[in-house]
Amino acid sequence: MEREVPEASPGSTSSSLSGSSAGNVVQARDIQGPVHFHTSPSANRHGEPVPRQLPTDVRGFVNRTVEQEAMDRLLAEHPPAAQVLVLTGTAGVGKTSLALHWAHAVREHFPDGQLYVNLRGYDPQEPIAPAQVLERFLRALDVPAAAIPTDPEAMASTYRSLVAGRRMLIMLDNASRAAQVRPLLPGVPGCLVVVTSRHRLSGLGVREGARHLTLEVLAEQDAVELLRAVTSDYRTADDPVELAQLARLCARLPLALRIAAERAAGRPRMLLNDLIQDLRDESSLWDALSSEDEEESEAVRSVFAWSYRALPADAARLFRMLGLHPTGEFSTSAAAALVASSARQTRRLLDGLVASHMVEQTAPDRYRFHDLLRAYATDQARHEQEPEESEQAVRRVLTWYLHTADAAQARIAPHEPRVRLTPLDPEVEPTVFGDEAAAVQWFETERENLAAAVRTGFALGLDEYVWQLAIVLRAFYMQRNTFQDWFATSRLGLEAARRGDDRHAQAELHESLGMAYTQSSRLDQASEQYEAALTIRRELDDPAGEALTLNGLGLLQLRRHQLPGAQEAFERSRALFQALDDTYWEPRTAVNLAEVQAALGCLADAERMARAGLESFREAADRRAEGNGLRILSMIQLEDGRLDEALESAQRAVDLAVDLNSTVAEAYWLTQLGHAQRAVGRPTDALASYQRAAVLQRSLGDRSREALAWDGAGLAYLELGRAQEASEFHRRAVAVHRDLGDRWQWAVALCHLAEAAEAMGETSDVARQHRREALTLLGDFTDPGARRLRDRLTSALGDGA
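The present account deals with the structure reproduced in this document. (Residues numbered from 1 in each chain as written. Predicted model: local features only at pLDDT ≥ 70, side-chain atom pairs only at ≥ 80, totals over all residues. Heavy atoms only, no water.)

### Things to note about the overall build of the protein chain
Item 1. A tally of helices and strands in the protein chain yields 35 helices and 10 strands.
Item 2. The C-alpha atoms of the protein chain give a radius of gyration of 31 Å, which matches the 28 Å a tight globule of 801 residues would have.
Item 3. Here the C-alpha coordinates of the protein chain stretch approximately 100 × 65 × 40 Å along the principal axes.
Item 4. Within the span of the protein chain, comprising 801 residues, buried residues form 58% of the whole.
Item 5. Long-range contacts, defined as pairs at least 24 residues apart, comprise 70% of the intrachain contacts of the protein chain with a sequence gap of at least 6.
Item 6. Surface exposure of the protein chain reaches about 31400 Å², of which carbon and sulfur atoms provide 48%. (Helix = DSSP H or I, 4+ residues; strand = E, 2+ residues; numbered from the N terminus. Rg over C-alpha atoms; globule rule 2.2 N^0.38 Å. Buried < 20%, exposed > 50% of the residue type's maximum accessible area, 1.4 Å probe, protein only. Contact = heavy atoms within 4.5 Å. Areas by Shrake-Rupley, 256 points an atom, 1.4 Å probe, with all protein chains shown as cover.)

Structure representation (structure tokens):
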């Protein structure tokens, strides 16, 4: 696909009244290989996806019987007295452990699945924004990326609509403010939301009627039971009195108790009294700094310090270095980069940290911190390391993310412009990917860390890392439409490039934002970004960059049906590529230009360019580009009255899409096949093509292209003498194009709706109203297709229709 793949020619006879359009473009420079989509592992009785996002249940969970019974009573109420349950309590008291354990126990009560997010309300960096959470939840509910709104309010509305009527458990972990929670709450009863927070979040009780359950520290007997549950396989003779002393030193907080118990279990031959004395000695270090209301937090800190000082030197260094990682979750390779060690050696050290309960392993190569332990690790790095050592560690891990992301880009979008990267340290080894699927999976897994790496680098003033990573990430974002991350990283990257006065980087990031705005249908902002990029490219005398930006700008104009502007941009882009002898991009730009030439009525020139492009694509064995070229050739042939040839070209394009197993291409090219089938008098076949195109576009979330297929289906129904169905489909197309602000397609669909209204025998006033509205929308469109449509509408109005 040529950065953006243009829709059917807007100016041809078939497209002017058929619903095919240049106004719909897949905004991607060149998506190589198959497009990947996530599928749900299961579905409910209605065929809806059933997400199962709960993290693993807590190993060896004990106690909290009273609290679990209270939660059970809430669940048993009919109707439930509250949709929201807030678990509050001090840090380390076990809120998350209780919520997860209970959620696993009752998950069968929620047949429509579970959603989970750690809101990171108490992390050193900014908490996760509600819009980011909504985007993730919508994806988990199988909403295609292209169908996810960019506006946070629209996202929240879509989310509420999807969960309405479902029975789901939604866990919002580590919320610090009610404002983090409110956009994530369902709008109607049926779901239960469990929130954990160190604060009471009283506002949720006032406005949302939330129930509150406060977790106190464990009773002494329960605390001793927790110690025994962890140590019983290793120590059987410990004195209950000494266990009670150990529990009191841990302030009877589950997190501290588990860490202390793990240390005791790891030293089965050491007297418990000696372990207690060690902890007392550590605790005394903090007594002078403790106030009465800090007793619990200082007890936790004492246990942390006690376990930390027992670590071997290399493990202790890794622990505090991990506090410098951009988030509290990380891979073995990222940890190895922090400490400039091998993955094998780092994995051994991580095993020790897991055994001592200082980090948690969540998957074969994934680890995470409790937020308190992460804060403690960061504090130790600040106190025990020179600032230069910590900065070098951060640089190493950012470099690892940068070079690994670049390696992934080489698999996913090898023809994207590459960035000259900051060199690697000799000790840092980026990940290598065997194929595209592995690269995509890595991006998906590390998505949050990659965005956080950009934020971390920006906060520390490491501007080169910031803009380089933001540019590299574009190759992933433009395929996934992860707009929240795309906008955030590109804006930070642009600001970092400005701080460093790097004009090349600024141009790349303006263009990245232009692509993001175009794919999210914010065309005015897209135009501003492309123009800014173009200005810088010319200042720098960068012909290759200027050619790429002009191609993107031309596609933006094509989307707006501004054909003269699109033609000028493509011609200039193509000339630059020809001067550069760029055999990859030149034929792609030529095919884009052929689209415009056909719309302007220059069919001979359009066919010549399309066929030249097809020859290049076939020589390069680029079947996806060949299929797009065949689609455009079909449009030209249809306009030229060569109906059988048009049908053959369109059918070959669709066959290629099926062979490529590309849902995007098949859905895209089926609409053109429908146009050709109608033209040769096969409306029943055309209807099948349009209907399949609409179904596929619905699954892809492309509302505009779905509406184009609806409009085509309306034309097929009308030719079959089924005016009522035709009217319904045209009306749906009009509504979508109106909603999207697509004036050209809106006018086309209104014209079709007027004809369907006449065929149904409706009053002439109805058809006249549709035609007058269409004429108003045509406004300043002056291309041949627009003139033909305007003449047709005017003639019908003059005839008294």
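Alright, that's what it looks like, and here's the rest.
### Concerning the environment of Leu 184
Item 1. As for its placement among the helices and strands, Leu 184 is situated in the loop between α6 (178-181) and β6 (192-197).
Item 2. Here Leu 184 falls in the buried class, since its relative accessible area comes to 0%.
Item 3. Sequence separation between Leu 184 and Ala 156 is 28 residues, and the spatial gap between their C-alpha atoms is 7.0 Å.

### Section: the sheet that holds strand β3 (residues 84-88)
Item 1. The strand order across the open sheet formed by 5 strands is β4-β5-β6-β3-β7, and the pairing between neighbours is parallel. Edge positions in the open sheet fall to β4 (114-118) and β7 (211-214), since each of these has one partner strand only. Averaged over neighbouring strand pairs, the angle between their axes works out to 15° when direction is ignored.
Item 2. With 5 bridges joining them, β4 and strand β5 (residues 169-173) adopt parallel strand pairing. Paired with Asn 118 across the two strands is Asp 173, which belongs to β5.
Item 3. Along the sheet face, helix α4 (residues 130-140) touches β4 and β5 and points at about 155° away from the line of β4. (Pairing = 2+ DSSP bridges. Axes fitted to C-alpha atoms, helices over the stretch in contact; angles between N-to-C directions.)

### Quick look at the packing of helix α32 (residues 723-740) against helix α33 (residues 743-759)
Item 1. It is at 8 Å that the axes of α32 and α33 come closest, and there the two elements cross at 160°. Relative to α33, the element α32 is oriented roughly antiparallel. Helix-helix and strand crossings are classified by hand; for α32 and α33 the assignment is left-handed. Where α32 approaches α33, its residues Ala 723, Ala 726, Ser 727, His 730, Arg 731, Ala 733, Val 734, His 737 and Arg 738 are matched on the opposing element by Gln 745, Trp 746, Ala 749, Leu 750, His 752, Leu 753, Ala 756 and Ala 759.
Item 2. Across the contact of α32 with α33, the residue classes tally to 10 nonpolar, 5 polar and 2 charged. (Parallel < 35°, antiparallel > 145°, perpendicular 65-115°, else oblique. Left-handed = near helix turned anticlockwise from the far one by under 90°. Nonpolar A, V, L, I, M, F, W, Y, C, P; charged D, E, K, R; others polar.)

### Remarks on the side chain of Arg 396
Item 1. Tracing the sequence through the fold places Arg 396 in helix α17 (residues 387-412).
Item 2. No salt bridge forms around the buried Arg 396; measuring N to O, its nearest opposite-charge neighbour Asp 425 is 4.6 Å away.
Item 3. Ignoring any residue separated from it by four or fewer positions in sequence, one finds Arg 396 in contact with Arg 317, Met 321, Ala 337, Leu 338, Val 339, Ala 340, Asp 425 and Val 428. (Lys, Arg positive; Asp, Glu negative; His and termini not counted. Salt bridge = Lys/Arg side-chain N within 4 Å of Asp/Glu carboxyl O.)

### Focus: the packing of aromatic side chains
Each aromatic ring pair is specified by the distance between its two centres and by the angle formed by the two planes.
Item 1. Applying the stated rule across the entire model yields 22 aromatic pairs.
Item 2. Measuring from centroid to centroid gives 6.2 Å for Phe 483 and Trp 486, while their planes differ by 5°, and the two rings are stacked. Separated by 3 residues within a single helix, Phe 483 and Trp 486 lie in helix α20 (residues 483-499), roughly one turn from each other.
Item 3. For Phe 483, a relative accessible area of 3% translates into the label buried.
Item 4. Accessibility expressed as a relative area gives 0% for Trp 486, which makes it buried. (Phe/Tyr/Trp six-rings, centres within 6.5 Å; stacked < 30°, edge-to-face > 60°.)

### Looking at the packing of helix α22 (residues 523-539) against helix α23 (residues 543-559)
Think of two packed helices as two axes; the pair is described by the angle between the axes and how far apart they sit.
Item 1. Running from amino to carboxyl end, α22 crosses α23 at an angle of 160°, the nearest separation of the two axes being 9 Å. By the angle between their directions, the pair α22 and α23 is classed as roughly antiparallel. Of the two possible hands of crossing, α22 and α23 adopt the one that is left-handed. On the side of α22, the interface is formed by Leu 523, Ala 526, Ser 527, Tyr 530, Glu 531, Ala 533, Leu 534, Arg 537 and Arg 538, while α23 contributes Gly 545, Glu 546, Thr 549, Leu 550, Gly 552, Leu 553, Leu 556 and Arg 559.
Item 2. A class-by-class count of the residues in the contact of α22 with α23 yields 8 nonpolar, 4 polar and 5 charged.

### Describing the pattern of salt bridges
Item 1. Under the definition given, this model contains 49 salt bridges.
Item 2. Of the charged contacts, one joins Arg 182 and Glu 208 as a salt bridge, the two residues approaching to 3.0 Å between their closest N and O atoms. Remark: Glu 208 occurs in helix α7 (residues 202-208) and Arg 182 occurs in the loop between α6 and β6; sequence separation between them is 26 residues.
Item 3. Given a relative accessible area of 22%, Arg 182 falls into the partly exposed group.
Item 4. Since its relative accessible area comes to 26%, Glu 208 is described here as partly exposed.
Item 5. Arg 474 serves as the salt-bridge partner of Glu 508, at 2.9 Å between the closest nitrogen and oxygen. Note that Glu 508 is positioned in helix α21 (residues 503-519) and Arg 474 in helix α19 (residues 463-480), a separation of 34 residues in sequence.
Item 6. Residue Glu 508 is classed as buried on the basis of its relative accessible area of 14%.
Item 7. Residue class for Arg 474 comes out buried when judged on its relative accessible area of 1%.

### Focus: the sheet that holds strand β9 (residues 360-363)
Item 1. Pairing is antiparallel across the open sheet formed by 3 strands, whose spatial order is β8-β10-β9. With partners counted over all chains shown, the strands left at the sheet margins are β8 (329-331) and β9, one partner each. For this sheet, the mean inter-axis angle between neighbouring strands, taken without regard to orientation, is 35°.
Item 2. In this sheet, strand β10 (residues 366-368) lies alongside β8 in antiparallel orientation, the contact comprising 3 bridges. Pairing of Phe 330 across the sheet is with Tyr 367, part of β10.
Item 3. With respect to the sheet, helix α15 (residues 343-355) is in contact with β8, β9 and β10, its orientation differing from that of β10 by roughly 45°.

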